[in-house]
2 protein chains.
Amino acid sequence: MRFEQKWQGVRLSDGFRFDARVPGNIQSDYARAQNWGDVNYGLNFQKFKALEDDAWLYETRAQYHLEPGERLYFVSQGIDYRFDILIDGEIVFSQEGMFTPVALDLTDKLAPGDLLAVKIHPHPKRAGAPHEDRQQADQCLKPPVSYGWDWHPRVIPSGLWDETYLETRTSGFIRDVEPFYELAEDYSAAEVRFEVDADAPVEITLYDAEGQAVGQGREMHVRHPRLWWCNGQGEPYLYRWEARTADDRKEGYIGFRRIRLVMAQGAWAEPAGFPKSRSAAPTTLELNGRRIFAKGSNWVNPEIFPGEITPETYARHIALAKEAHMNIFRCWGGSGINKRAFYDLCDRAGLLLWVEFPLACNDYAGTPHYLKILEQEASSILRRLRRHPSVAMWCGGNELFNGWSGMTDQSLALRLLNKLCYELDRDRPFLMTSPLCGMAHGGYTFYDDAAQMDVFQLFQHSKHVAYTEFGVPGTPDEDYLSSFIPESELFPMERGGVWEAHHAFGAWGEARWLCLDVLKRYGCRLSSLAEVVEYAQWLQCEGYKAIFEEARRQRPLCGMAINWCWCEPWKTAANNSLISYPILPKKAYFAVRDALRPALFSARIPRFDWKSGDLFSAELWLLNDSPETVSGPVRAVLEIGGTEYELLNWQSGPVAANENRIGPSVNFRLPEVNAQRMTLRLISSDGLSSSYTLKYTAPEHVLSRQMNV
Amino acid sequence: MRFEQKWQGVRLSDGFRFDARVPGNIQSDYARAQNWGDVNYGLNFQKFKALEDDAWLYETRAQYHLEPGERLYFVSQGIDYRFDILIDGEIVFSQEGMFTPVALDLTDKLAPGDLLAVKIHPHPKRAGAPHEDRQQADQCLKPPVSYGWDWHPRVIPSGLWDETYLETRTSGFIRDVEPFYELAEDYSAAEVRFEVDADAPVEITLYDAEGQAVGQGREMHVRHPRLWWCNGQGEPYLYRWEARTADDRKEGYIGFRRIRLVMAQGAWAEPAGFPKSRSAAPTTLELNGRRIFAKGSNWVNPEIFPGEITPETYARHIALAKEAHMNIFRCWGGSGINKRAFYDLCDRAGLLLWVEFPLACNDYAGTPHYLKILEQEASSILRRLRRHPSVAMWCGGNELFNGWSGMTDQSLALRLLNKLCYELDRDRPFLMTSPLCGMAHGGYTFYDDAAQMDVFQLFQHSKHVAYTEFGVPGTPDEDYLSSFIPESELFPMERGGVWEAHHAFGAWGEARWLCLDVLKRYGCRLSSLAEVVEYAQWLQCEGYKAIFEEARRQRPLCGMAINWCWCEPWKTAANNSLISYPILPKKAYFAVRDALRPALFSARIPRFDWKSGDLFSAELWLLNDSPETVSGPVRAVLEIGGTEYELLNWQSGPVAANENRIGPSVNFRLPEVNAQRMTLRLISSDGLSSSYTLKYTAPEHVLSRQMNV
């Protein structure tokens, strides 16, 4: 039986005492008690800087009732980051690492009413780190994102961030049951084996989704198992197991599936002279023998204070991703590991997870201390998550082979992770990092100054086996902006204040993420906040559609399109996410949802920016990554200034499951019309229609005529 | 005490009985008994095809004497490949794998005079392999080279290939002692630890090379250890340890050094946009903190029958490599692992070893059986070799990421090897295979048809961090050729006979390795064997010099130049090796020895082929990969048809240790002279001089004038 405790927090430097939420983060509790106001508002987040080197206590007077023969445990699923557990001031346990659960037998140490405390040490900061940034976290397993990123404020949380309670256990208590299985090569059967951690005899039954028992015992043979499929390819079918002793019961589930990372079709031929699988990493996902196109988003922490994330938060995000036809989240290494509910929900939703260990953009030197903590934490993560069918693959972390990180194949940390994944979870793929050769991270803006290309051009010129980060920034609606930017600063937006602190300027170079220079390039006069917002959202929508659809057209050489990023952990003034904090879909979300429909007519438009007299052209495609044949007629219509021009009719004919077909190209000399935009519509039935609103520039004399009227 | 046995061999299919040499290979013994003649001669090797699916027995009547209290062991350092050990017909032990030693306690099973036998099973051949080639070996740990290669006949050996004997052991017997050490970051001390496998107390003393004791016990602190250096960089200093019990003594040595694979200087900057350490693998060797240029050769099996290799064979090869200023052998994976003497000799010679596991050019599928044998054999190899300071790095095998192999980062076999190397030998670098991105294998001919470049041009256009295979073929002297080619076939050389069987034709494409097309390109009339030999040797010498010196000039971006290959296991009619079988240095050996001198003046000549009227040019360089400063004056002289033209004098000034300096370029309009070759000489003192003999073509009228005289 579990006994939740009422906890108080103490800031040790001044003895300030306050109510603490568990699970939660101690800094957030403190701020609430001090009435610091919403961390999202203005520059409030900067107040947390003062707490970075503090130590904290969680204290409670133990409340529980022990029956004869029972034992008492202190249990926590995670304590962030270095901590001691004390009873009446005596340390009974110490640990470094927030992903390794704690289960302490306190039967002989604790009595009801005793003072139970958890001391949280100051945040780790590597001595000698040159700046106050992520490099301070390069010798610990704390998510580096909270040390500051180009989309995340520097606010470092700690504390009892996951479920924590006292638990009384009978002799029949089941500590853990974990299922393992081997699928027959032809999927005709599964050999299931349960590992059980309990002192009493345990009976296990496996049920199908209809509740029929299909097997009993610690080992069972399941004939013709129903397979688990990801969203869009089939049902994420789960079997349920139940384990019982005389006085305990645990349950869980199994999703039978086989997953591999294979070379993209065509990738073995590149480069021609001496083909190497290192030139283009194997990044095409094969699920149950079927090559699928992985489409989705980079998942980051949805809260600055991960301790405050609830299952409901996860559930709403995952439902939105599923509705957007996504089948994968890349769980970005900078943000750490989620609570269990996240993985359970993804299992049920059929959302594949690319899970990164908590390393990002640093050179994690293989010191003995670091390797020890890494082994402990990575092993805990592997043991916690390997039972989830949604977990598709492991990855060492984010951008570790890039110049600013400086790691290589020889880095002991990555060799250790490869080793642990092999030992503890051999059948799941492991990538050392992302990107590898042949994969792309970026671009992140609508127009690339270095390449002198817009995103339409950039991605049509690109040839990669996986796009695992790319983004187009946008800004949220005016009323949202005014919820955290003081009215005096709202317009004009300028550097140095709240806009900048919320990533509109200087996040990466001068202009990002608001990118006023790009908006101006396409005619925005920056005359009002409304105009800026409308322009930024237009570019974000059209840019994201262009990239996602181009990546899909590049199938089968390309196997993944995963944008940067899904959501944001606080209110940003501008960035690349599809969902505003806390869970508000941006216009770009709906554009991406359109681009990711299982089947759609798509136009490959050479560029975004057109003017009268140009020869407009576009290839028509029918994209199909559904497991069914699709077909349809389509009509291509260009609308400029209220006039519609019929360009083409195409009857696609049947297009097989998980294949694309290229159709004819339209060619059309653009007329002189008084307009600033034009819209290409591909009109079909069955939800296959698409439309693209592009920049159009009329000649001077047409525009001046208008002004004279 | 060891008791060598007298063994007889039995071919089980026909009961034929013969004397067997131990160590040795059973097929070679059988051939000797049947008077098959020298395997090198003519087509004799083809007779071995008939033995491939045979099983064999080694038999002996046990000869030993056991004192009271002693135990009797059967010991073998290696039995090739799948075998049973029998006493009077009863199987007492079985094993698959030739690199895992056997030590069987037979005290209670064997009596003097009993029939002790080792049954050798037929060679493993993977069922379903499409051809009779290396693919038959892709589910076993047998060196694939013996299944046939473009320089190796198909002759598959097996048997008691390494030391095998009966041994009586007292209770004080020392089974093993292995030293481990940790060097202080600044090399000021070493913490040494001995792992001991013995039942009695063992006393250990460590001595320096002068015989002074520097420490005692199982753990010791060595202050200011003398470091082990590779050939050319310092002394390969070895400490000697001695371990004693009351009635046994073992000794060994330690070479203190730290070795790492680091990114080449400049490699982080490539590609400019998004630098990745996967674009150019870390392949610069850093020994004791000093970046060194690795120069050497690919080591292959020096005998078709590895069981017959003696320590003397190894010693003569290693001495030649050392004299040629080499500091590394890449022990190519196709050939397997050597006997212990090889590593001992390399330790003493300061020859670094790049050691590959026995995988090459196949897709080793990660079946449960294969992974089990791989783990057993790789672990044995690691435990045997990790004590050798010469072993610089591990590598998964040869060309596994290339198209014809089909392995990737996801291949379980390579992930397992990474894991084992990390667990058992963490501080040695591990590469999954060679080449990786940024590294080059090839070219292998003097003129590359596809690139339309000679090797001078090809390598000057190349930009790699490591050249780990490249070759220029040549042919041995006439009298050597006539030692294995019947006189009737000697000239003209033609396809279909002994020339082809010995790799002169059709080894890889039509023309290799004799490459008559290339010889003709440079004016060889193919008029006599003598002319062909002279031409082929000229091109091999000049080609090898050009490549090795160009690779050195590309330092520091380039860190390795390792040619294909050092020696050959039988008499070839043409190939890329520097040493003919058994141990005869080719002319190319001496050319390479010149090109690898620690310091030399070197000319960067744009191409090999010149004609009168051409503007001849060449950059002068002083190459220095010695640990000392060098300098010198140099005079560049071009000699054509007996006339010498003075081109340039250059005073280099002091060039620091392990650095190169570019000097001036010569420019010279080539005169009309009646000659077919010309020689550029860089004349200096102190052994820094070099010379290059190039192709020169006189104009028609000069040649006809000559003919008229």
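Everything quoted here is computed from the prediction, not taken from an experiment. (Residues numbered from 1 in each chain as written. Chains lettered and ligands numbered in written order. Predicted model: local features only at pLDDT ≥ 70, side-chain atom pairs only at ≥ 80, totals over all residues. Heavy atoms only, no water.)

Chemist: What exactly am I supposed to notice about the overall build of chain A here?
Modeler: Along its length, chain A carries 13 helices and 40 strands. The C-alpha radius of gyration of chain A comes to 27 Å, within 12% of the 27 Å expected for a compact globule of 709 residues. With the principal axes as the frame, chain A shows a C-alpha extent of 90 × 65 × 50 Å. Buried residues in chain A amount to 63% of all 709 residues. Sequence-distant contacts, at least 24 apart, represent 72% of the contacts inside chain A between residues at least 6 apart. Just so you have it, chain A exposes about 26,000 Å², and 49% of that area is on carbon and sulfur atoms. Here chain A carries 76 positive and 93 negative side-chain charges, and the mean point of each set is 3 Å from the other. (Helix = DSSP H or I, 4+ residues; strand = E, 2+ residues; numbered from the N terminus. Rg over C-alpha atoms; globule rule 2.2 N^0.38 Å. Buried < 20%, exposed > 50% of the residue type's maximum accessible area, 1.4 Å probe, protein only. Contact = heavy atoms within 4.5 Å. Areas by Shrake-Rupley, 256 points an atom, 1.4 Å probe, with all protein chains shown as cover. Lys, Arg positive; Asp, Glu negative; His and termini not counted. Charge placed at Lys NZ, Arg CZ, Asp CG, Glu CD.)

Chemist: Looking at this model, I keep getting lost on the sheet that holds strand β14 (residues 213-216) of chain A. Mind explaining?
Modeler: Strands in a sheet are paired, the pairing made by backbone hydrogen bonds, and the direction either parallel or antiparallel. Residues and elements named next belong to chain A. On the basis of which strands lie adjacent, the open sheet formed by four strands has the order β14-β13-β16-β17 and antiparallel pairing. In the strand order of this sheet, the two ends are held by β14 and β17 (249-254), each with one partner. Taken over all neighbouring pairs, the strand axes of this sheet differ in orientation by 20° on average, direction set aside. As judged from the six bridges shared by strand β16 (residues 239-244) and β17, these two strands associate in the antiparallel manner. Looking at β17, one finds that R240 is bridged to Y253. (Pairing = 2+ DSSP bridges. Axes fitted to C-alpha atoms, helices over the stretch in contact; angles between N-to-C directions.)

Chemist: Explanation requested: the interface of chain A and chain B in the structure shown.
Modeler: The interface is formed by 40 residues belonging to chain A together with 40 residues belonging to chain B. Buried surface at the junction of chain A and chain B, both sides included, amounts to about 3,700 Å², of which 60% is carbon and sulfur. For the interface between chain A and chain B, the tally reads four salt bridges. One salt bridge connects A:E423 with B:K419, and the closest N-O pair in it is separated by 3.1 Å. The interface formed by chain A and chain B includes ten residue pairs in polar contact (both at pLDDT 80 or more). Listed by contribution, the elements that provide at least two residues to the side of chain A that touches chain B are α5 (412-424), β25 (430-431) and β26 (439-441) of chain A. Looking at which element gives the most residues to the side of chain A that touches chain B, the answer is α5(A), with eight residues. (Buried area = accessible area lost by both parts, 1.4 Å probe. Salt bridge = Lys/Arg side-chain N within 4 Å of Asp/Glu carboxyl O. Polar contact = N/O pair within 3.5 Å; in protein donor to acceptor, adjacent residues only side chain to side chain.)

Chemist: I tried to follow a negative patch on the surface on my own but got confused; where do I start?
Modeler: Negative charge collects at one region of the surface, where A:E182, A:E191, A:E219 and A:D427 lie side by side. Summarising the element assignment, A:E182 is placed in strand β11 (residues 174-183). (Patch = residues over 30% accessible without salt bridge, like charges linked within 9 Å, V, L, I, M, F, W, Y side chains within 5 Å.)

Chemist: In this structure, what is going on with the sheet that holds strand β12 (residues 189-198) of chain A? I would like to understand it.
Modeler: All names here are of chain A. The three strands are arranged β11-β12-β15 in an open sheet whose pairing can be described as antiparallel. Across the chains shown, the open sheet's two edge strands, defined by having one partner strand only, are β11 and β15 (219-223). Strand after strand, the sheet turns through a mean of 25° between neighbouring axes, direction not considered. Direction of pairing for β11 relative to β12: antiparallel, over a ladder of nine bridges. Opposite E178, over in β12, you have E195 as the bridge partner.

Chemist: What exactly am I supposed to notice about the pattern of salt bridges here?
Modeler: Opposite charge on two side chains allows them to pair when their charged atoms are near. Counting across every chain of the model gives 110 salt bridges over all chains. B:R387 is paired through a salt bridge with B:E178; the nearest N and O atoms lie 3.8 Å apart. Of this pair, B:R387 sits in the loop between α4 (368-385) and β24 (391-395) while B:E178 sits in strand β11 (residues 174-183), and the two are 209 residues apart along the sequence. Sharing partners across several salt bridges, the network here consists of A:K49, A:E52, A:D53, A:K125, A:E132 and A:R154.

Chemist: Help me out: how do you make sense of the environment of B:H701 in this one?
Modeler: Structurally, the position occupied by B:H701 is in helix α13 (residues 700-708). For the pair B:H701 and B:E672, spaced 29 residues apart in sequence, the C-alpha separation works out to 9.6 Å.

Chemist: Can you walk me through the side chain of B:R597 in this structure?
Modeler: All names here are of chain B. Here R597 is to be found in the loop between α12 (587-595) and β33 (599-604). Lacking a salt bridge, the buried R597 has D594 as its closest oppositely charged neighbour, with an N-O distance of 4.3 Å. Side-chain polar atoms of R597 contact the backbone oxygen of D594, separated by 2.7 Å. Of the polar contacts made by the side chain of R597, one reaches the backbone oxygen of G687; its length is 2.6 Å. With residues up to four places along the chain from it excluded, the contact list for R597 reads K295, H325, R552, D625, G687, L688, S689 and S690.

Chemist: What's the story with the relation of the copies chain A and chain B in this structure? I'm lost.
Modeler: Note that the two copies of the chain are related through a rotation about an axis and a translation along the same axis. With an RMSD of 0.0 Å, the operation that places chain A on chain B is a rotation of 180° combined with a shift of 0.0 Å along the axis. Given the turn and translation reported, the copies of this chain are related as if by a two-fold rotation axis. Residues of chain A ranked by C-alpha distance from the rotation axis are headed by A:K419, positioned 2.2 Å from it. Mapped onto chain B, 100% of the interface residues of chain A again fall at the interface, so both copies present the same surface. (Least-squares fit on C-alpha atoms with pLDDT ≥ 70 in both.)

Chemist: Would you mind showing me how to read the pairing of strand β21 (residues 294-299) of chain A here?
Modeler: In regular strands, side chains alternate between the two faces of the sheet. All names here are of chain A. Burial analysis of β21 places six of its six residues in the buried class, which makes it a mostly covered element. Sheet topology places β21 next to strand β30 (residues 560-563); four bridges connect them, and they run parallel. Counted as the bridge partner of G296 is I562 from β30. Pairing of β21 with strand β22 (residues 328-331) involves four bridges; the strand directions are parallel. When the bridges of β22 are listed, W299 appears paired with C331.

Chemist: Would you take a moment to explain the nonpolar core for this structure?
Modeler: A general tendency of soluble globular proteins is for nonpolar side chains to be buried together. Among the nonpolar cores identified, the biggest contains 205 residues, and B:W499, B:W566 and B:F616 are the most heavily contacted of them. Take this core: its biggest share by element is twelve residues, from helix α11 (residues 529-553) of chain B. Discounting residues that sit within four places of it in the chain, B:W566 has contacts with B:S297, B:N298, B:W299, B:H317, B:L320, B:A321, B:M326, B:F329, B:S577, B:L578, B:I579 and B:Y589. Membership of the second largest hydrophobic core comes to 204 residues, among which are A:F293, A:L374, A:L647 and A:V702. (Core = buried A, V, L, I, M, F, W, Y, C linked by side-chain atoms within 4.5 Å.)

Chemist: Please clarify how the pairing of strand β14 (residues 213-216) of chain B should be interpreted in this entry.
Modeler: In terms of strand pairing, strand β13 (residues 203-207) of chain B meets β14(B) through three bridges, oriented antiparallel. If you follow B:L206 over to β14(B), its bridge partner there is B:G215.

Chemist: Quick question: what am I supposed to make of the environment of B:L584 here?
Modeler: Residues and elements named next belong to chain B. Residue position: L584 is located in strand β32 (residues 584-585). Taking relative accessible area as the criterion, L584 reaches 42% and is therefore assigned partly exposed. Filtering out sequence-adjacent residues up to four positions away, L584 remains in contact with Y480, L578 and I579.

Chemist: Please clarify how helix α2 (residues 311-323) of chain B should be interpreted in this entry.
Modeler: Three- or four-residue spacings in an α-helix give side chains the same orientation, since the helix completes a turn every 3.6 residues. Residue and element names in this part refer to chain B. With 13 residues, α2 should cover 18 Å at 1.5 Å per step; its first-to-last C-alpha distance of 18 Å lies within 8% of that length. The set of residues buried in α2 consists of T313, Y314, H317, I318, L320 and A321. The arc that holds the buried residues of α2, viewed along the axis, is 160°, so those residues lie on one side. Exposed positions of α2 whose direction lies more than 90 degrees from the buried face are E312 and R316. Of the surrounding elements, those touching the buried residues of α2 are β21 (294-299), β22 (328-331), α3 (340-349), β31 (579-580), β32 and α12. In the stretch just after α2, H325 is the one whose phi turns positive, near 65°. (Expected span 1.5 Å × (residues − 1). Arc of directions from axis to C-beta.)

Chemist: What is the right way to read unusual backbone geometry from this model?
Modeler: Excluding glycine, residues mostly have negative phi values, and the peptide bonds linking residues are mostly trans. The amide bond that connects A:F491 to the next residue, A:P492, takes the cis arrangement and shows omega of -5°. Note that A:P492 resides in the loop between α8 (487-490) and α9 (498-501). With a phi angle near 50°, A:E399 is a residue other than glycine that sits in the positive phi range. You can see A:E399 is positioned in the loop between β24 (391-395) and α5. Positive phi, close to 55°, is recorded for B:C515, a residue that is not glycine. Note that B:C515 resides in the loop between α9 (498-501) and α10 (516-521). Accessibility expressed as a relative area gives 5% for B:C515, which makes it buried.

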